[in-house]
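Below, each chain spelled out in residue letters.
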Amino acid sequence: MRTITAAVATTPERPFSIEQFDLEPPRPDELLVRIVASGICHTDISVKNQSVKLPLPMVLGHEGSGVVEAVGSAVKHFQVGDHVVMAGDSCGHCNKCQQSLPFYCDEFVTRNLTGWRTDGSSPLHQCHDHQPLRGRFVGQSSFATHSIVPARAAIRIPKDLPLELMGPLGCGLTTGAGTVLNALRPTPGGHVAVFGCGTVGLAAVMGARLAGAQSIIAIDPVASRRDMALSVGATLAIDPMQDDVVDRILHATAGGADFSVECSGVAEVTLQAIACLGRPGMCAQVGAPPGGTKLPIDMDHLGFGRGIKGVVMGDANPQTFVPYLAALWRGGRLPFERFVKYYELNQINEAVADSGRGEVIKPILRMP
Ligand SMILES: [Zn+2]
Ligand SMILES: [Zn+2]
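One structure accompanies this document, and this report is about it.

Time to look at the packing of helix α5 (residues 172-184) against helix α6 (residues 199-210). When two helices pack together, their arrangement is given by the angle between the helix axes and the distance between those axes. Their axes nearest at 7 Å, the elements α5 and α6 cross at an angle of 40 degrees. The pairing of α5 with α6 is recorded here as oblique in orientation. Here α5 runs over α6; the crossing is right-handed. Facing G172, L173, T175, G176, A177, T179, V180 and L181 of α5, the residues of α6 in contact are T199, V200, G201, L202, A203, A204, M206, G207, A208 and L210.

Rendered as structure tokens:
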């Protein structure tokens with residue numbers, strides 16, 4: 001056992017609290033990772049607030065990057081000192097895992113959202129009474145100085161990359177860029193509309209630029225986010241508080257978008273993301289709406305070759321996609337450092353508050 005420091009989420013009302021816990025050594029198929037930094041993703045905040053109802057208390061965080069400090073006896077492909085980014089855990093043998101779609105793994109929920117290992121244990125324990133605490137969120141629980149990570153959830157990246165910046169490649173960047181590049185696959189010259197310009201939406205804008213889209217239309221009510229979208233590749237930005245969004249997209253694309261990416265999780269916005277499609281057209285639903293949300297869709301409109309599909313984590317296999325994104329960043333083609341702001345771990349509540357007010361797009365926590 002070693003003593004570590006982590007930010008634990010207990011109730012929606014109480015702030016994250018920084019506490020010490022005992023961490024087990026790695027099992028044969030696990031790694032001990034010293035976390036260098038972790039992005040804060042909107043999902044972490046939604047779980048903390050319980051708008052996404054997962055069990056608490058739990059150590060959240062799922063955009064961690066760090067250094068391998070110990071390697072389980074059965075792990076052959078990692079060494080102490082490797083630099084890694086963490087993504088979610090998966091079983092490795094179900095049909096979806098075999099098809100390189102680990103985020104649709106049959107065991108996705110058990111392995112990533114319960115906070116426990118599949119045998120119901122946790123590597124994390126309270127110091128005073130040794131009771132287990134949920135410490136396996138998305139395979140990592142990275143709001144912590146150290147984590148025990150299943151080897152399948154770790155992705156090695158080159159050591160000359162800035163490790164503290166790389167964590168968001170494991171979720172936000174994969175989700176946005178992957179939705180365009182893997183799930184929608186626009187042909188060059190197409191028209192893409194992106195609703196919501198947080199990290200995922202901005203990554204979708206950058207993905208659309210990489211795919212050679214002719215027009216990339218970014219929609220967000222916050223002016224600074226529209227400006228950021230324009231700076232990373234959007235060709236037009238629309239303020240939904242000022243303009244009729246659907247009308248402007250239909251006009252700007254001379255008939256409708258080929259693809260739309262919905263990142264807000266708001267039902268009315270999703271209807272706009274469908275209504276703006278041309279014939280044919282596909283909307284990727286990425287934003288997580290509150291549980292039970294229903295959508296009244298015009299079936300006539302859908303009938304003309306239009307559709308909507310839910311996309312998880314950009315339909316990516318992170319073992320190949322994260323190193324690809326890292327290479328794109330190195331080449332200046334995924335400039336997400338422009339919208340990152342760093343905080344220390346003990347500033348986590350300030351980082352969440354700043355994010356909620358729209359003052360920061362991607363907060364990253366540095367570990368002590
Ligand atoms: Zn996330
Ligand atoms: Zn699987």
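Don't stop here, the text continues.
Note that strand β17 (residues 340-344) and strand β18 (residues 362-366) share 5 bridges and pair parallel. The partner of K341 across the bridge, within β18, is P363. Between the parallel pair β17 and β18, the chain is carried across by helix α12 (residues 348-356), and the sense of this crossover is right-handed.

Spatial strand order, β13-β12-β11-β14-β15-β16: 6 strands in an open sheet with parallel pairing. The sheet terminates laterally at β13 (236-238) and β16 (306-310), the two strands that pair on one side only. Looking at each pair of strands side by side, their axes are set apart by 15 degrees on average, direction ignored. Pairing of strand β15 (residues 277-285) with β16, which is carried by 5 bridges, proceeds in the parallel orientation. Among the inter-strand pairings, C283 is bridged to a residue of β16, identified as I308. Packing against the sheet, α6 makes contact with β11 (191-195), β12 (215-219) and β14 (257-262), and its axis sits at approximately 175 degrees to β12.

Backbone torsion omega between L56 and P57 reads 0 degrees, so that peptide bond is classified as cis. R279 connects to P280 through a cis peptide bond whose omega is -10 degrees. Of note, P280 is situated in strand β15. A positive phi angle, near 45 degrees, is found at V138, a position not held by glycine. By the secondary structure assignment, V138 is in the loop between β8 (132-133) and β9 (146-150). One non-glycine residue, M313, adopts positive backbone phi at about 45 degrees. For M313, the location among the structural elements is in the loop between β16 and α11 (318-330).

The rules behind these values
Residues numbered from 1 in each chain as written. Chains lettered and ligands numbered in written order. Predicted model: local features only at pLDDT ≥ 70, side-chain atom pairs only at ≥ 80, totals over all residues. Axes fitted to C-alpha atoms, helices over the stretch in contact; angles between N-to-C directions. Helix = DSSP H or I, 4+ residues; strand = E, 2+ residues; numbered from the N terminus. Parallel < 35°, antiparallel > 145°, perpendicular 65-115°, else oblique. Left-handed = near helix turned anticlockwise from the far one by under 90°. Contact = placed C-beta atoms within 7 Å. Pairing = 2+ DSSP bridges. Right-handed = clockwise from strand over helix to strand, strands pointing away.

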